[in-house]
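Observations on the three-dimensional arrangement
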Amino acid sequence: MARQQPHTIRVSLDDRARVPFAIIGVLLLVSSVTVVGILESRDEAEVDADPMLALDRTEPLVQSELRRAALRATDDAARAPLGTTADTPVGNAIADPDGDEFERYLKLLIYAEAERTLPAAGQELRGSAETTVDLEPVDWNDRASVEAAIDRVELEYWNGNGDGDEDGNGNGPATGLLRTTIEDVSIRLESDDGNTRVRDRRAITVTVGTMLFELHERTERFERGLNDGFREADGYEGFSRKLAARLYPLVWGKAYYDRLDNDPSDRAFENVTPNEHTEVLANDAIFALQKDAFGNGAIDPYEDRVMRGAAACLAVDLGEEVVDADFEDMETLCESDYVFGDVEGELEDPPTIQELLTLVLEDYVRGEMEVELEIHPFAEAAFAETTAFGMSDLEEEFNETLVEKNKFSEKYLDSYYQSNIDNADKEKEIKNIADDLEKLMGRIDNHNEIHKSVSDVYNLNIETKERLSRENPLPDAALREGPIGSENHTYQGTEYLVFPGDGANVTFSGRKENTTDLKRDLVDVNIEFENTVQERAVWEGHGNTSNVTIDSDRKDITYTAEFTIAGEFAPDATVDRSRGMETALERGGAVGPIGVDNFDGAAMKSLEELFGTRSEDTLESRIESQSSTILSRDDFESAIDYDTEGELDLQADDIDTWLQNELSETHLTVVTEIEPLEVDLFEMVTGESPIYELESKVAELEDEVVYNGTDGSYENAPDMARAEVRQRYFENIYAWIETMGQIHDDSNDAADEMIGELLGGANDMLEDSVGFFQGLLANPEDVLGDDPHDEWALAGGSPLHEDVRLVVDGSPTYLPLETVEREEVPAVRPDGNGPLNPAPAAHAPLGAKYENEVGFPGAPVIPWPQFFFLQLDAWQVDVRGEYARFEVRATSGDGPRTDSTTYVREDKAVYIDATNADGEVKAGSVEPIAFENSVPVVTFVPSPQLLPRGSPGVGNLNSTGHVSENWNETGPSTKREVTS
């Protein structure tokens with residue numbers, strides 16, 4: 001039997017105990033009736049006796065209105081961020097050269113909004129009383145009144161960067177907060193008859209969260225970056241350097257493709273820096289700058305779409321030979337209306353700009369920066385100076401042999417032996433170097449160091465080592481006491497009488513020393529001489545007394561002299577003299593022409609040089625002819641009549657031609673066997689010249705080559721002369737390395753000066769530009785890194801903004817060189833008007849120009865054919881542009897919410913809605929995002945001498961400069977013919 005249910009209503013009809021809404025409604029209705037009954041039964045309220053309490057109760061309402069006023073003002077400031085003040089009382093009051101005009105503008109917006117809305121904070125009180133709220137009214141036609149209103153507002157903002165923080169370290173209140181204080185807010189308590197019972201002026205402070213300052217600061221950072229010049233920015237920051245980071249790979253890639261990889265008879269890129277390519281790269285650089293300023297994911301959402309088409313067009317323009325890709329799809333993509341519309345169908349993704357530039361660097365530049373610097377030009381200059389050969393002589397002497405040895409190609413040698421270089425005198429700095437080189441090369445014709453080397457080897461310095469003596473003393477008359485009767489005589493002195501003796505005996509004895517020394521004794525000279533001498537004393541008589549002479553006995557006097565003539569062969573030779581010479585004083589030897597004399601006859605020649613004769617009899621006769629004057633040792637020495645030192649040229653053989661032929665073989669050995677120096681091309685234009693490093697390469701071969709064929713001692717004089725000529729040749733190589741290293745350093749300085757003048761007078765532009773590209777080439781992936789754009793950029797670091805995201809929206813998204821019209825880009829407006837103006841308008845977003853400063857085929861860094869290593873050129877690329885409208889939205893969630901803050905920069909006037917004025921008052925204007933910048937592009941390519949392939953030269957073939965159509969009219973224009 002079924003159980004009966006009691007007659008009750010169940011509140012819960014399921015196991016979750018949920019209460020039906022109908023029951024809840026009944027309970028609420030009953031409760032409200034009860035509350036009304038209680039309130040109606042209360043006694044009538046009385047007005048609080050304390051009037052200040054009434055004012056205190058009004059203050060929260062004032063704060064609420066002020067908070068709303070601050071929020072509305074920040075929104076207004078974001079939509080119209082004043083950039084330039086007007087020449088009006090309001091504009092002049094905001095203007096402050098030493099302060100933050102944007103902050104003063106915001107203060108005035110807040111005050112104007114508060115003046116309009118704060119009266120709503122007043123309230124009616126029981127007992128026929130009310131509170132009213134107002135601010136000091138502003139006379140908008142009086143600058144002082146407007147300035148006073150601005151001064152009554154205080155703002156504090158914390159953005160997490162230390163700005164506005166109490167301690168400057170980001171430790172203030174939560175970031176993204178704006179604290180606003182208005183002084184002199186009047187709150188009055190009035191009775192119903194209008195009489196003021198009490199009035200109080202208070203400073204009211206409120207704090208609101210706002211993205212205004214962050215959007216303003218980031219937009220200003222973006223605009224500053226657009227205008228930061230190449231020399232002002234660091235690393236790869238700023239638009240100029242970001243554009244440079246894209247231009248440099250493209251310019252260098254084009255230059256190196258044409259120089260080394262293309263058909264020598266044709267050039268793929270007659271214009272290296274066309275404005276159309278600059279347009280693509282400039283836009284890519286702008287998007288990269290947006291990422292820096294607004295965050296990784298805040299870039300314009302349409303960036304990927306517009307840049308895909310631009311990258312495809314650039315790839316197509318570079319050509320299939322340069323870019324390995326599906327050109328059929330690329331051309332379809334490029335020819336479509338991809339920049340401003342959609343593309344139908346599935347197309348293969350073109351490479352991004354970053355991928356394209358990295359590909360160009362990898363394929364055509366990076367592997368070509370290491371070159372080999374040959375010893376050839378330095379060795380040939382040394383050979384020419386040693387032998388007095390001219391360049392035509394050198395070509396005739398060595399060209400065919402070098403080709404046969406497969407050391408150099410005919411193309412290299414044709415370039416090497418060219419008679420002149422293009423553009424060597426185009427720029428004065430390079431011409432000065434060319435003039436110095438011409439003088440330097442001119443000295444070669446005045447040198448013939450082979451003959452000088454032979455003279456040094458065949459030179460003999462001689463000197464005598466002597467010992468002279470007189471064996472007996474002279475006789476003595478011993479009659480100084482005088483004759484008998486000497487009192488009648490005066491002593492007058494004595495004299496010597498010389499009588500012929502046995503005469504002179506001279507012997508020459510040549511030394512036969514068993515030595516190879518180049519310093520040796522050559523010949524001995526022995527002399528004996530005998531005289532008979534008598535002394536005579538003379539007394540003069542006085543009066544009738546006769547003169548008296550008294551003679552001594554006659555006496556034989558013997559004189560002896562011993563001489564040794566020592567000689568030093570080749571004292572000025574630069575080779576190793578310690579080796580000595582085997583056949584120095586003999587004829588012959590296996591080296592050199594047959595039957596050479598060497599130093600044979602040096603002894604006799606030295607006798608003739610020092611004693612004036614080779615004959616013993618002649619010297620004897622010379623002495624004997626003066627026997628009557630020989631009394632002392634000095635008399636004997638004078639009678640011999642000799643020199644103590646002298647110098648002889650012993651060359652009797654003509655070996656110059658033989659030595660020249662020997663040096664030719666040496667030269668070929670040097671040129672073909674010395675390994676080339678591996679050089680980074682960047683080192684060729686920056687820092688100390690790498691040319692100096694060739695010296696160590698030469699030194700490795702020097703001793704082996706100089707003494708090649710000499711085993712121990714020199715076999716004969718030609719052997720030593722050959723080594724001497726080789727040594728001088730090597731010394732000349734070192735000298736030319738040093739000289740050309742210095743010339744190279746001077747050339748780099750001259751090139752830097754030239755580049756600086758061509759590009760506006762900047763110092764160190766060459767080194768800065770090359771260093772910039774060197775860093776880029778070393779790590780293009782990081783510099784040109786294409787980060788993903790699928791994340792929204794977080795704004796600030798405030799907990800209040802955890803979900804806030806930034807989105808950039810530029811109009812147009814992509815800045816083309818062509819004029820755009822309002823039908824294509826709705827933000828286009830007439831000059832000075834906002835986008836709501838319905839008049840037809842046109843806008844030129846971008847202008848570009850370039851100047852090829854040197855022109856094809858570039859300037860030679862060292863302007864001399866044999867030392868022509870690099871060709872250098874430079875471009876000045878200028879870009880200017882303006883957005884019709886640029887806005888940044890700060891929004892929450894995934895982006896589509898409408899309660900976002902939008903910061904807008906466009907060319908329009910700024911008005912303030914003023915309470916006590918007839919409508920709005922003009923404060924100034926908003927400035928659009930505009931920029932003008934330039935990029936210096938410097939590049940160099942190896943000469944045909946360094947890399948003998950491809951098409952020599954660098955630079956534009958048929959154009960040195962070009963200005964885009966809109967260069968002088970970027971921005972809005974009503975001058976152009978525009979359709980409605």
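Not measured: the values here are computed from a predicted model. Counting starts from 1 at the beginning of each chain's written sequence and moves along it residue by residue. Local features are withheld for residues below a pLDDT of 70 in this predicted model, meaning they are given only at 70 or higher, and side-chain atom pairs are given and counted only at 80 or more; totals for whole chains, interfaces and linings count all residues. The basis for every side-chain value is the complete set of heavy atoms in the structure, and neither hydrogens nor water enter the calculation.

1. Here we look at the pattern of salt bridges
When a carboxyl oxygen of Asp or Glu lies within 4 Å of a side-chain nitrogen of Lys or Arg, that pair is called a salt bridge. In total, this model carries 48 salt bridges according to the counting rule given. Arg179 is the salt-bridge partner of Glu156, the closest N and O atoms lying 3.3 Å from each other. Here Glu156 is found in strand β4 (residues 153-158), whereas its partner Arg179 is found in strand β5 (residues 177-191), with 23 residues between them in sequence. The cut-offs for exposure are 20% and 50% of the maximum accessible area for each residue type, with area from a 1.4 Å probe on protein chains only; residues under the lower value are buried, those over the upper are exposed, and the others partly exposed. In this structure Glu156 comes out as partly exposed when scored by relative accessible area, which is 34%. For Asp521, the salt bridge goes to Arg511, with nearest N and O atoms at 3.3 Å. Per the convention used, a helix needs a DSSP run of H or I reaching at least four residues, while a strand needs a run of E reaching at least two, with both numbered from the N terminus.

2. Concerning the sheet that holds strand β18 (residues 842-844)
With antiparallel pairing, 3 strands are arranged side by side in an open sheet as β17-β18-β28. Pairing within the sheet leaves two strands with one partner each, and these edge strands are β17 (820-821) and β28 (971-973). At least two DSSP bridges between two strands are required for those strands to pair. Looking at chain direction, β17 and β18 are connected through 2 bridges and run antiparallel. In the strand pairing of β18, Glu821 is matched with Ala842.

3. Brief notes about the packing of aromatic side chains
Note on ring pairs: Phe, Tyr and Trp rings are taken, using the six-membered ring of Trp, and paired if centres are within 6.5 Å. Classes follow the plane angle, with under 30 degrees stacked, over 60 edge-to-face and the rest tilted. Within this structure, the stated rule accounts for 40 aromatic pairs. Ring geometry for Tyr257 versus Tyr364: centroids 5.2 Å apart, planes at 85°, classification edge-to-face. Of this pair, Tyr257 sits in helix α7 (residues 238-261) while Tyr364 sits in helix α11 (residues 353-365), placing them 107 residues apart in sequence. For Tyr364, a relative accessible area of 9% puts it in the buried group.

4. With respect to the nonpolar core
In this description, a nonpolar core means a group of buried Ala, Val, Leu, Ile, Met, Phe, Trp, Tyr and Cys residues linked to one another through side-chain atoms lying within 4.5 Å. Counting 255 residues, the largest nonpolar core has Ile623, Ile640 and Phe940 as the members making the most contacts within it. Residue contacts are counted whenever heavy atoms from the two residues lie within 4.5 Å of one another. Each residue touching Ile640, except ones within four places of it in the same chain, is listed here: Leu468, Ile527, Ala561, Phe563, Phe611, Leu619, Arg622 and Ile623. Counting residues in each nonpolar core, the second largest holds 6 residues, with Val825, Ala827, Ala841 and Ala884 among its members.

5. Let's talk about unusual backbone geometry
Residues Ser811 and Pro812 are joined by a peptide bond in cis, for which omega reads -5°. In this structure, the amide linkage connecting Phe856 to the following residue, Pro857, adopts the cis form with an omega of 5°. Within the secondary structure, Pro857 sits in the loop between β19 (846-852) and β20 (859-860). Look at Asn423: it is not a glycine, yet its phi comes out positive at around 65°. As for its position among the elements, Asn423 is in the loop between α14 (410-416) and α15 (428-442). For Asn423, a relative accessible area of 17% puts it in the buried group.

6. Quick notes on the confidence of the model for the protein
As a per-residue quantity, pLDDT reports the predictor's confidence and falls between 0 and 100. For the protein, per-residue confidence averages 83 on the pLDDT scale, and residues scoring 70 or more make up 84% of the total. Across residues 30-49, where pLDDT falls below 50, the model places 5 contacts with residues more than four positions away in sequence or in other chains. Scored below 50 in pLDDT, residues 162-174 makes 19 contacts in the model with residues more than four places away or belonging to other chains.

7. Structural notes on helix α4 (residues 101-117)
Expected helix span is computed as 1.5 Å times (number of residues minus one). The end-to-end C-alpha separation of α4 is 24 Å, in line with the 24 Å expected for 17 residues at 1.5 Å each. Within α4, 14 of the 17 residues are buried, which leaves it mostly tucked inside the rest of the structure. For α4, the side-chain oxygen to backbone nitrogen distance between the N-cap and Phe102 is 3.0 Å, and the N-cap itself is Asp100. By the criterion applied in these results, polar contacts are pairs of N or O atoms within 3.5 Å in which, for protein atoms, one can donate a hydrogen and the other can accept it, and in which residues neighboring in sequence qualify only through two side-chain atoms.

8. Looking at helix α19 (residues 633-640)
Those residues of α19 that sit buried are Phe636, Ala639 and Ile640. Projected down its long axis, α19 shows its buried positions confined to an angular sector of 105°, all on one face. Phi turns positive one or two residues past the end of α19, at Asp641, with a value near 60°. Directions drawn from the helix axis to the C-beta atoms are what define this arc.

9. Let's talk about the environment of Val807
Assignment of secondary structure puts Val807 in strand β16 (residues 804-811). A sequence separation of 513 residues divides Val807 from Phe294, and the C-alpha atoms of the two residues are 8.1 Å apart.

10. Re the side chain of Thr180
Along the polypeptide, Thr180 turns up in strand β5. Setting aside anything within four residues of it in sequence, one finds Thr180 in contact with Leu66, Ala70, Ile110, Val153, Glu154, Leu155, Ile204, Thr205 and Val206.

11. A few points about the pairing of strand β3 (residues 129-134)
The pairing of strand β2 (residues 123-125) with β3 spans 3 bridges and is classified as antiparallel. Opposite Gln123, over in β3, you have Thr131 as the bridge partner. The sheet contact formed by β3 and β5 spans 6 bridges and is antiparallel. Each residue of the ladder has a partner; that of Asp134, found in β5, is Ser186.

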